[in-house]
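Remarks on the overall topology
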Amino acid sequence: MTPLKEKLSAEPGFQYMIDNMELMSASGRHLMLHQPFFTDSNALINEYNNTERMIAALDNEELRPSLDTLRHQFMQLHDLTGTLANISRHAVLDEIELFEIKNLSHICTIAARSAAELGIADMLRLPDTKPVFHLLDPDNTNIPHFYIYDSYHPQLPEIRRQLKALQIHIDAIADDNDEKKNIQIKINDLIDKQNDIQRLVMEQLSDKLQPHLQLLTTAHNQMAYGDFLLAKATITKQWHLSRPSLSSDGSTHYVSLWNPRLKHRNETLNQRYQPVDIEIFKGSCLVTGANMAGKTVLLKSVGIAQLMAQYGFFVPAQQAQISIVDDVAFCIGDEQNEMNGLSSFASEITKISAVLTRAKNERLLILIDEPARTTNPIEGKALVQAVATILDKEPSQTIITTHYSQLGLSCRRLRVKGFVESLSDAIVTPDNINSFIDYSLLPDNSDEVPHEALRIASIMQCDKEMLETAERFLLNE
C-alpha cells in the first residue's frame, strides 16, 4: 500500500492539505506520512468512524479540559524510533534514552486517563505503562525526569555523600597545594566508581526493559495515532469536510466539490469560488469547455478528494460517495520529466502509456489533462481517440479534458458551462472575467467543443489586428 508521503508530489493541492494539519508531535507527523492508501472497505470505514468519534469529543464542551490535557500529552510526545530500536538490539540505553522511556510511560498514563474521560479509550487503545514508569521511578517522584537514584544501588548514597563533602572541602582551599591535589585525586576516584555503578545500573535497566519492548512500541505508536486522529478531526471541523460513503456500484459522486487551496486563496482575495457537482462512472468521460473554464482545476479537485478519502480523511464536498480504487493516476503537467530532458510531448505520452499499462491490471482513477495538446492537431486528435477508446473498456474511472472536436466517440461527455455574461451586472474586464465563468458541468451529446477563445481574447483586450485576422480565417473554414 502506497504511503501518503509518496503522493505529496502528485498534486500541490494535496500537499497544501497535509501542510495544514495541526499535529502536535514529530511522531504523529511520521505516522501520517506513512498512512496507507486504504483499499479495504472495512479498514476505511473504521478510520472514518474513528475520525467521527474524535470530532464528537471536540464538539463536547463539557469535556474540553480532558481534551486539552490529551492534546498537551501529544505535545510532550518525542520520537522514540531510535530508542526503541536500541532496546530491540539489546543496546545499553543512556540517561537521555531512559528519560525518553520514562516520559513516554508518564504521558501515556495521563493520556489514557483523558481518553477514558472522553469515551475514546477503546479507540486509542493506549496500553498500561505504569510498570515501566515505576521501574524508572523507584523513589516515587511521579515526575517524567529521569535520574539514577540512590536506591538503584547500595553504594551510591555513600559515594555521593563523600563526593559532596570533598567538593565542599576542596572549594574552601584557596591555594593550589598538595592537599588540594590529594583531595582531587580522591574526588576523581569516587567519580570513576560512581560512573561504573551508574553504567551497571543503566545496563540492568536496559535488560529489565526488554520484556516491555512491545508495550512501549504500542504506546508510542498509539500516542502518535491519537495525535494524527486529533489533527484529522480538527481540520475536518475547520474546513467543513464531509464523510464519504462507499459506493456499491463502482461509481463516484460529489455534491459541491471544492478545491481547498484554490477556495482558500479566493477567500483571501475576496473572490468568488464555485463548487461543482460531478458523477464519475467506470470507463472514459470526456470533459470539454472553453479556456479558463476550470477543467484542470476539476481534475485536480477530483484527484485530491480521492486521495483524501482513501488515506482516511473526510473530503472537501457537501456530500460524497466514492468508489475504492487501487491508485489515483495524475496525467497533469510534465515538469518532472522535462527536468530529465524529455520534450513536453514525450514526457506526457510516456506517462499516459504507463497508465494504460497499469489500467489493464489495476482499478485506477485516471485524470488526463488535454492529452497530445503539444503535437500537431491531426495526430493529437487520433491519440485522444485512442486513449479514450482503450480506457473506456477498462474497469478504471477516467476523466479526460480535451479541446479536440469531432472525435466520433461513444463514451460519456460533459461540458463546463463556461463564460456567461449574465452572471454579473458589472462590465466584463480582464480583472473580473473569472467572475463570469460558470463552472457547472452539463451532459453533452454534441461532438463539438465550445468556441470561446476569440471572445475571451477580445475581453482580455488582446491585439485587435490579431483578433480580426483570426476571425476572417475562422469564417473561411
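Residues numbered from 1 in each chain as written. Predicted model: local features only at pLDDT ≥ 70, side-chain atom pairs only at ≥ 80, totals over all residues. Heavy atoms only, no water.

A few words now on the pattern of salt bridges. Opposite charge on two side chains allows them to pair when their charged atoms are near. A full pass over the atoms with the stated rule returns 20 salt bridges. Notably, a salt bridge pairs R160 with D150, separated by 2.6 Å at the nearest N-O pair. In this pair, R160 sits in helix α9 (residues 156-172) while D150 sits in the loop between α8 (130-135) and α9, placing the two residues ten residues apart along the sequence. Classification of D150 by relative accessible area gives partly exposed; the value is 32%. When the shortest N-O distance is used, the salt bridge between E203 and R199 registers 3.5 Å. With a gap of four residues between them, E203 and R199 both fall in helix α10 (residues 178-209), about one helical turn apart. The class for E203 is partly exposed, based on a relative accessible area of 33%. (Salt bridge = Lys/Arg side-chain N within 4 Å of Asp/Glu carboxyl O. Helix = DSSP H or I, 4+ residues; strand = E, 2+ residues; numbered from the N terminus. Buried < 20%, exposed > 50% of the residue type's maximum accessible area, 1.4 Å probe, protein only.)

This part takes up the confidence of the model for the chain. For the chain, per-residue confidence averages 90 on the pLDDT scale, and 93% of positions sit at 70 or higher. Low pLDDT, under 50, characterises residues 334-341; the predicted model gives this stretch nine contacts beyond four residues in sequence or across chains. (pLDDT = per-residue confidence, 0-100. Contact = heavy atoms within 4.5 Å.)

Membership of the largest hydrophobic core comes to 106 residues, with the highest contact counts inside it found for I101 and I278. The element best represented in this core is helix α11 (residues 213-239), accounting for 13 residues. Those residues in contact with I101 that lie beyond four places of it in its chain are L80, T83, L84, I87, L93, V132, L136, L209 and L216. Core analysis: the second largest hydrophobic core is formed by 18 residues, C331, L364, I400 and Y404 among them. (Core = buried A, V, L, I, M, F, W, Y, C linked by side-chain atoms within 4.5 Å.)

It is worth spelling out the packing of helix α2 (residues 26-33) against α11 at this point. A packed helix pair is summarised by two numbers, namely the angle formed by the two axes and the spacing between the axes. One can describe the packing of α2 onto α11 by two numbers: an axis separation of 8 Å at closest approach and a directional angle of 80°. Regarding the angle of α2 to α11, the classification is roughly perpendicular. Residue-level contacts link S27, G28, L31 and M32 of α2 to H220, N221, A224, Y225, D227 and F228 of α11. Residue classes in the contact of α2 with α11 are distributed as five nonpolar, four polar and one charged. (Axes fitted to C-alpha atoms, helices over the stretch in contact; angles between N-to-C directions. Parallel < 35°, antiparallel > 145°, perpendicular 65-115°, else oblique. Nonpolar A, V, L, I, M, F, W, Y, C, P; charged D, E, K, R; others polar.)

Aromatic rings considered in pairs are described by the distance between their centres and by the relative angle of their planes. Applying the stated criterion across every chain, the model contains eight aromatic pairs. Considering the side-chain rings of Y48 and F314, the 5.9 Å spacing of their centres and the 75° angle between planes classify their relative orientation as edge-to-face. Of this pair, Y48 sits in helix α3 (residues 41-59) while F314 sits in the loop between α13 (295-310) and β5 (319-322), and the two are 266 residues apart along the sequence. Arranged with centres 6.5 Å apart and planes meeting at 45°, the rings of F146 and Y152 form a pair that is tilted. For F146, a relative accessible area of 11% gives the class buried. (Phe/Tyr/Trp six-rings, centres within 6.5 Å; stacked < 30°, edge-to-face > 60°.)

Time to look at α13. In an α-helix there are 3.6 residues to a turn, and that puts residues three or four apart on one side. Helix length check: α13 (16 residues) gives 23 Å between terminal C-alpha atoms against 22 Å at 1.5 Å per residue, within 8%. Counting buried positions over the 16 residues of α13 gives 13, a clear majority of the element. Where α13 ends, the next residue or the one after it, G312, has phi of about 90°, a positive value. (Expected span 1.5 Å × (residues − 1).)

With four bridges joining them, strand β4 (residues 283-288) and strand β9 (residues 412-419) adopt parallel strand pairing. In the strand pairing of β9, T288 is matched with R415. (Pairing = 2+ DSSP bridges.)

This next bit is on the sheet that holds strand β2 (residues 252-257). Note on sheets: strands pair through backbone hydrogen bonds, and any given pair is parallel or antiparallel. Read across the sheet, four strands follow the order β1-β5-β2-β3 without closing on themselves; strand pairing throughout is mixed. On the outer flanks of this sheet lie β1 (245-246) and β3 (276-280), each paired with one strand and no other. Of the pairings in the sheet, the one linking β2 to β3 comprises four bridges and is antiparallel in character. Directly across from L257, in β3, lies its bridge partner V276.

Turning our attention to the packing of helix α6 (residues 95-118) against α10. The interhelical angle for the contact between α6 and α10, taken along N-to-C directions, is 40°, at an axis separation of 11 Å. The orientation of α6 with respect to α10, classified from their angle, is oblique. Here α6 and α10 pass one another in a crossing that is left-handed. Along its contact with α6, which presents E95, L98 and I101, the element α10 presents Q198, M202, L205 and L209. Across the contact of α6 with α10, the residue classes break down as five nonpolar, one polar and one charged. (Left-handed = near helix turned anticlockwise from the far one by under 90°.)

All right, on to the side chain of Q73 then. On the secondary structure map, Q73 appears in helix α4 (residues 64-75). For Q73, a relative accessible area of 6% gives the class buried. Once you skip the residues sitting within four places of it in the chain, Q73 turns out to touch I107, I110, A111 and M223.

One open sheet holds the six strands; their spatial order is β6-β7-β8-β4-β9-β10, and the pairing between them is mixed. Two strands bound the open sheet, and with one partner strand each, they are β6 (327-331) and β10 (437-443). Between one strand axis and the next, the sheet turns by 15° as a mean value, whatever way the strands run. Where strand β7 (residues 364-369) meets strand β8 (residues 397-401), five bridges bridge the pair, whose relative direction is parallel. What sits directly across from L367, in β8, is I399. Taken strand by strand, helix α16 (residues 377-391) contacts β4, β7 and β8, and its axis lies near 140° from that of β4.

Within the fold, S323 resides in the loop between β5 and β6. On the accessibility criterion, S323 (10% relative accessible area) is buried. Residues within four places of S323 in sequence aside, it is in contact with S247, G250, S251, T252, Q306, Q310 and Q397.

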